[in-house]
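Okay, here's what each chain looks like letter by letter:
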Amino acid sequence: MFRISRHRPWPPAIDLSTVRETLTYMRDDARSIPGLEALAQSLDAAIAEVDATEDRLQPHTASPIASRFLPARFRSI
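A short tour of the structure in this document, coming up. (Residues numbered from 1 in each chain as written. Predicted model: local features only at pLDDT ≥ 70, side-chain atom pairs only at ≥ 80, totals over all residues. Heavy atoms only, no water.)

Summing up its helical and strand segments, the protein has 2 helices and 2 strands in all. By the burial criterion, 10% of the 77 residues in the protein qualify as buried. Of the contacts made within the protein by residues no fewer than 6 positions apart, 58% connect residues no fewer than 24 positions apart. Of the roughly 7,100 Å² that the protein leaves accessible, carbon and sulfur atoms contribute 60%. (Helix = DSSP H or I, 4+ residues; strand = E, 2+ residues; numbered from the N terminus. Buried < 20%, exposed > 50% of the residue type's maximum accessible area, 1.4 Å probe, protein only. Contact = heavy atoms within 4.5 Å. Areas by Shrake-Rupley, 256 points an atom, 1.4 Å probe, with all protein chains shown as cover.)

This is the structure we're talking about:
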């Protein structure tokens, strides 16, 4: 069993490559539908922001799962 510490909340782990991939699929779909050109441009801007943010971030060296595992308690019989 594990317990998440509520005293030291951590920022959520966001996989920016997955965000970029999802936005790219959405942008490509929006480009193929007449009338959604402005949406496609907005998604282009969002993709550019994801790229810029990813360039600014330092590699995160901590564990992606910030939990504390507790030892099992065994009773001797």
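Once you've had a look at it, read on.
What follows concerns helix α2 (residues 37–56). Here α2 is 20 residues long and its end C-alpha atoms lie 29 Å apart, about the 28 Å a rise of 1.5 Å per residue gives. Buried residues along α2 sit in contact with α1 (16–31). (Expected span 1.5 Å × (residues − 1).)

Mapped onto the fold, Arg27 is located in helix α1. In this view, Arg27 contacts Ala40, Leu43, Asp44 and Ile47; residues no more than four positions away in its chain are not counted.

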